[in-house]
Amino acid sequence: MRKHLLIMAAAIAAAAVFALGLQAKKPSKAPLFEPYFSYPATDTARPDSAGFIRRWLLLDPIEKPNRSNTVFTDSYLREAFRTEYFPGQFTAWPVSGQTVRAGKQKLAWHGLDSSLFNVKLFRFATLQELPHYGVLFWAVTAIDCEEDIPDVRMAVGSNSASMWWLDGEEVLLLSGDRRMVQDDAVSRRLTLRKGRNIVRGAIINGPGMSDFCLRFIDEQGRPVTNFTVSIL
Amino acid sequence: MKYTKILRAAALLALAAPAAALARTEGEPYIHDPSTIALCDGRYYTFGTGGGGLISEDGYSWHGGAERPGRGAAPDVLKIGDRYLVAYSATGGGLGGSHRGAVLTMWTESLDPASPRFGFSEPVEVAYSEDGDDCDAIDPGLLLDPATGRLWLCYGTYFGFIRLVELDPATGARVEGNEPLDIAIDCEATDLIYRDGWYYLLGTHGTCCDGPNSTYNIVVGRSRNVTGPYLDNMGRDMLAGGGKMVLAAGHRCTGAGHFGRYVEEDGVEKMSCHFEADFDRGGRSVLEVLPLLWRNDWPVAGEPFREGVYEIESERRGYALELAVDFVRMDAPRHRFWEPVTEPIVPLTDQTLADVAAGWPAGNIDVRIGDYMFRPHQKWSIEAVPGSGGYLGAPYYKIVIEGTDRALAATEGRELTTVEHFTGAPEQLWRIEQLTDGTYRIMPKEVPGCDEPLVLVSVADSTPSLGRFDFGSDNSKWNFRQR
């Protein structure tokens, strides 16, 4: 009996410790990304007033050594971005906290809200004390529409080069040694379909700052905001 | 001997080149004292001294066939409502003859002689001059004031004053009791235009009717009131001989005179006139159509587009239109900035097409906009395409990467590409027009699957596309640079 009590007490204590550990885990990580990111407090988000999408699932950086950004020609990027670094890279819907293996690296997905219109990938890496130069970032989010939104363009600025897909189709490549500029490049006209639209992006960087901004614009260049954003 | 022949051939080529490089009209654009160009049922018309006039289907190829009764000199034409008001002058004899003259007006519902609506009303005299007057009542110019709806007529020559009278826009007759007002002196072939609260009086100075030696040139003064005073950029009254230059001789043409303004749409304006001698057409008097620019609220003639190799620079960001191909780096010796230069300076050579073209894919290649680095994928050769027609004042052009046949083309979906070989298809033909601010719009002749007129736009700093022309947006504007 006493033995059972001891076992039960130990189990309760272990559960409590585990529970405390889980509870403690989030508070201890939450400040990690401040002031550049926060954890989402809601299930869905709206683009900001200028249309920029701030809610993203970001994968810890994949090491991709490059001493210079001048190597980012179209050919190099197509090779680099079409390489599969981790399973389900182009198809799987990640969950925040999930880990994947890319070569020898174990990388985690983080569901975050960017405090700024531009998603500071460099800070995302440095705040975790992860490699931040010579890296490849992946970003994923979902656009949920109540109806088709035709004739819009995906507008991206990225530092450095990047490639973007909508529902698995490549829609945009920003090549060269890029600086992050609002509406630097846009896709051809496309339709955001009623329901869920998955946006995936790969951003590569050698030395220096790394970030991106993304929004959708209409034929007149005005931001499109009549949809919600989710990472669930 | 052989060397001399080569030199002669080269000289002939050099003479021939400018005509092709600066084409503005083709056909038989022979006219003197042309009226303002008018559009009627999709065709362009202008009338000259002597009774006839020119017609053009597209604004580039001109031929005779327009009809105007009354003969006389230097008509003007203005569309008011559904009718055309034509003013012309019955001259008394010119510089050395009598200065009795009269200006008459008449109406027609169509300018097309084949139309059932064609037919001029009985002319009505609206102004005259006697031998004792300091005025020659010829060379009329019409203005329907958009600010007030009032109709004005200016007329006169070097022989005294340029005068202004008011006409009734319903009848074309002189407003009863209206007295002529002197608004300028010592010029002729005047025209009035209105823009943004300013009235502009354009006149012609210099010597008329002297072929290659004619010094005719077009000048302007402006006023806040239609009645003047019309002052030039130095504040000098046109009643004292003032006038700011709009167009003088150039491009192997002399004797610019008889200004007319044609507004295509906001930001796209043309001016018409004659050159009294086109050297490339044997010194004949020809219709000229040029872009009309506005600088500091002053009109000035733009330049005809010159064929050549250009950077096509976006007004939006200043980046250059380019093929979406790999950027090929150039090797060059590296030097420490702080160390003295001891070795001889050896200029770098430009990257050439041969250095890079092998790496370009076959088939269509997309275009984008990027930092200008004077590289082969950014150099566009622009040439007129004979036999492909044109638009008001210019032919259609092909735009190809220099040294190749790879041509810019509009595509289905209102986008752009380059095709490996230029075929002359309408989506590969481009309309290039200088805008009133000096920048350019670039418009495909046709967009596959689209009836809407579209222009080349910078839809993002680095992305070109096709979209509606908007003069208020730098997205619609481009520059052609040679650097």
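Quantities reported herein were computed from a predicted structural model and do not represent experimental measurements.

S.K.: Any chance you could break down the overall build of chain A for me, citing the residues and the numbers?
M.R.: A tally of helices and strands in chain A yields three helices and 14 strands. Within chain A, residue pairs in contact and separated by at least 24 positions form 79% of the contacts whose partners lie at least 6 positions apart. Approximately 11,000 Å² of chain A is accessible, and the part contributed by carbon and sulfur atoms is 57%.

S.K.: I'd like a description of the overall build of chain B, backed by residues and values.
M.R.: Looking only at helices and strands, one finds two helices and 35 strands in chain B. For 483 residues, the compact-globule formula gives about 23 Å, and the C-alpha radius of gyration of chain B, at 26 Å, lands near that figure. If you line up chain B on its principal axes, its C-alpha atoms span 80 × 55 × 50 Å. When contacts within chain B are restricted to residue pairs at least 6 apart in sequence, long-range pairs at least 24 apart make up 56% of them. Within chain B, the 70 negative side-chain charges are centred at a point lying 5 Å from the centre of the 44 positive side-chain charges.

S.K.: An account of the interface of chain A and chain B is requested, with residue identities and associated values reported.
M.R.: Across the boundary between the two partners, chain A contributes 17 residues, which contact 22 residues of chain B. Buried surface at the junction of chain A and chain B, summed over both partners, amounts to about 1,400 Å²; 33% is from carbon and sulfur atoms. When the buried surface of chain A facing chain B is broken down by residue, Asp74(A), Arg188(A) and Arg189(A) rank first, second and third, together holding 34% of it. Here chain A and chain B share five salt bridges between them. For the salt bridge of Glu415(B) with Arg153(A), the shortest nitrogen-to-oxygen distance reads 3.3 Å. Along the contact surface separating chain A from chain B lie 18 residue pairs in polar contact (both at pLDDT 80 or more). Of all the secondary-structure elements, those providing two or more residues to the side of chain A that touches chain B are α2 (74-82), β7 (149-159) and β10 (185-186) of chain A. Looking at the side of chain A that touches chain B residue by residue, the classes come out as four nonpolar, four polar and nine charged.

S.K.: Before we move on, can you summarise the nonpolar core with the specific residues and values?
M.R.: Among the nonpolar cores identified, the biggest contains 42 residues, and Ile312(B), Trp380(B), Ile382(B), Ile399(B), Ile432(B) and Phe480(B) are the most heavily contacted of them. Apart from residues no more than four positions distant in its own chain, Phe480(B) is found in contact with Phe305(B), Tyr310(B), Glu311(B), Ile312(B), Ile382(B), Ile432(B), Tyr440(B) and Ile442(B).

S.K.: Account for the environment of Phe259(B), naming residues and giving values.
M.R.: Residues and elements named next belong to chain B. Among the secondary structure elements, phenylalanine 259 is positioned in strand β18 (residues 253-265). Relative accessible area serves as the criterion here: at 4%, phenylalanine 259 is assigned to the buried category. Every residue in contact with phenylalanine 259, bar those within four places of it in the chain, is listed here: Thr36, Ala189, Asp191, Ile193, Leu202, Ile218, Met271, Ser272, Cys273 and Leu292.

S.K.: Before we move on, could you go through the domain arrangement of chain B and cite the residues and values that matter?
M.R.: Residue and element names in this part refer to chain B. Splitting chain B by domain gives domain 1 (26-301) and domain 2 (308-481). Residue-level contacts link 19 residues of domain 1 with 16 residues of domain 2. The contact between domain 1 and domain 2 buries some 1,500 Å² in all, and 57% of this surface belongs to carbon and sulfur atoms. For domain 1, the biggest contributors to the area lost against domain 2 are Tyr60, Gly267 and Leu293; these three give 30% of the whole.

S.K.: Hey, could you go over the sheet that holds strand β9 (residues 124-129) of chain B for me, with residue numbers and the actual values?
M.R.: All names here are of chain B. Strand order in the open sheet formed by four strands is β6-β7-β8-β9, with antiparallel pairing between adjacent strands. Only two strands of the sheet have a single neighbouring strand rather than two, namely β6 (73-80) and β9. Taken over all neighbouring pairs, the strand axes of this sheet differ in orientation by 20° on average, direction set aside.

S.K.: Break down the environment of Glu427(B) for me, citing the residues and quoting the values.
M.R.: All names here are of chain B. By the secondary structure assignment, glutamate 427 is in the loop between β30 (415-419) and β31 (430-434). Residue class for glutamate 427 comes out partly exposed when judged on its relative accessible area of 22%. Residues glutamate 427 and valine 447 lie 20 residues apart in sequence; the distance between their C-alpha atoms is 5.6 Å. Ignoring sequence-local partners within four residues, the contact set of glutamate 427 consists of Leu408, Ala409, Ala410, Glu446 and Pro448.

S.K.: Go over the side chain of Asn69(A), please, and point to the residues and values.
M.R.: Residue and element names in this part refer to chain A. Positionally, asparagine 69 belongs in the loop between β3 (55-63) and α2. Accessibility expressed as a relative area gives 7% for asparagine 69, which makes it buried. Sequence-distant contacts of asparagine 69, that is, excluding residues within four places in its chain, are made with Ser160, Gly176, Asp177, Asn205, Gly206 and Pro207.

S.K.: Any chance you could break down the packing of aromatic side chains for me, citing the residues and the numbers?
M.R.: Within this structure, the stated rule accounts for 28 aromatic pairs over all chains. Here the aromatic rings of Phe52(A) and Phe117(A) are separated by 4.9 Å at their centres, their planes lie at 55°, and the arrangement is tilted. Taken as a pair, Phe52(A) in the loop between β2 (44-45) and β3 and Phe117(A) in the loop between β5 (105-114) and α3 (121-126) lie far apart in primary sequence, 65 residues in all. Residue Phe52(A) is classed as buried on the basis of its relative accessible area, which comes to 3%. Relative to Trp138(A), the ring of Phe86(A) lies with its centre 6.0 Å away and its plane at 90°, an arrangement referred to as edge-to-face. In this pair, Phe86(A) sits in the loop between α2 and β4 (99-102) while Trp138(A) sits in strand β6 (residues 135-145), placing the two residues 52 residues apart along the sequence. For the pair Phe86(A) and Trp138(A), a shared accessibility class is recorded, and that class is buried. A connected cluster of aromatic rings, assembled from ring pairs, spans Phe86(A), Phe90(A), Trp109(A), Trp138(A) and Trp165(A). Here Arg222(B) stacks its cationic end above the ring of Trp198(B), 4.0 Å away from the centre of that ring. Positioned above the aromatic ring of Tyr30(B), the side-chain terminus of Arg284(B) is 3.8 Å from the ring centre.

S.K.: Which residues make up the pattern of salt bridges, and what are the values?
M.R.: Pairing between side chains of opposite charge can happen when their charged atoms approach one another. All names here are of chain B. Scanning the entire structure with this criterion turns up 45 salt bridges over all chains. The salt bridge involving glutamate 311 is made with arginine 483; its shortest N-O contact spans 2.7 Å. Of this pair, glutamate 311 sits in strand β22 (residues 308-314) while arginine 483 sits in the segment after β35 (478-481), and the two are 172 residues apart along the sequence. On the basis of relative accessibility, which here comes to 53%, the residue arginine 483 falls in the exposed class. Salt bridges sharing partners connect three or more residues here, namely Glu264, Glu265, Lys270, Arg431, Glu433 and Arg441.

S.K.: Let's hear about the state of the cysteines: which residues, and what values?
M.R.: With the rule as written, the count across this model stands at one disulfide over all chains. A sulfur-sulfur separation of 2.1 Å characterises the disulfide bridge that pairs Cys208(B) with Cys209(B). Residues Cys208(B) and Cys209(B) are joined through a disulfide that is right-handed, its torsion about the S-S bond being 45°. For Cys209(B), a relative accessible area of 56% puts it in the exposed group. Counting only cysteine sulfurs, Cys145(A) is the nearest neighbor of Cys213(A), a cysteine outside any disulfide, at a range of 19 Å. According to the relative accessible area criterion, Cys213(A) is buried, its value standing at 0%. There is no disulfide at Cys253(B), and the cysteine sulfur nearest it, in Cys273(B), is 9.0 Å away. Among the residues examined, Cys253(B) registers a relative accessible area of 3% and is labelled buried.

S.K.: Which residues make up the confidence of the model for chain A, and what values do they have?
M.R.: Here chain A averages 89 in pLDDT, while 87% of its residues score no lower than 70. Ignoring residues within four places in sequence, the model shows residues 1-30 of chain A, a span with pLDDT below 50, making five contacts including any to other chains.

Definitions and limits used
- Residues numbered from 1 in each chain as written.
- Chains lettered and ligands numbered in written order.
- Predicted model: local features only at pLDDT ≥ 70, side-chain atom pairs only at ≥ 80, totals over all residues.
- Heavy atoms only, no water.
- Helix = DSSP H or I, 4+ residues; strand = E, 2+ residues; numbered from the N terminus.
- Contact = heavy atoms within 4.5 Å.
- Areas by Shrake-Rupley, 256 points an atom, 1.4 Å probe, with all protein chains shown as cover.
- Rg over C-alpha atoms; globule rule 2.2 N^0.38 Å.
- Lys, Arg positive; Asp, Glu negative; His and termini not counted.
- Charge placed at Lys NZ, Arg CZ, Asp CG, Glu CD.
- Buried area = accessible area lost by both parts, 1.4 Å probe.
- Salt bridge = Lys/Arg side-chain N within 4 Å of Asp/Glu carboxyl O.
- Polar contact = N/O pair within 3.5 Å; in protein donor to acceptor, adjacent residues only side chain to side chain.
- Nonpolar A, V, L, I, M, F, W, Y, C, P; charged D, E, K, R; others polar.
- Core = buried A, V, L, I, M, F, W, Y, C linked by side-chain atoms within 4.5 Å.
- Buried < 20%, exposed > 50% of the residue type's maximum accessible area, 1.4 Å probe, protein only.
- Domains from an automatic or database assignment.
- Pairing = 2+ DSSP bridges.
- Axes fitted to C-alpha atoms, helices over the stretch in contact; angles between N-to-C directions.
- Phe/Tyr/Trp six-rings, centres within 6.5 Å; stacked < 30°, edge-to-face > 60°.
- Lys NZ or Arg CZ within 6 Å of the ring centre and 35° of its normal.
- Disulfide = S-S within 2.5 Å.
- pLDDT = per-residue confidence, 0-100.

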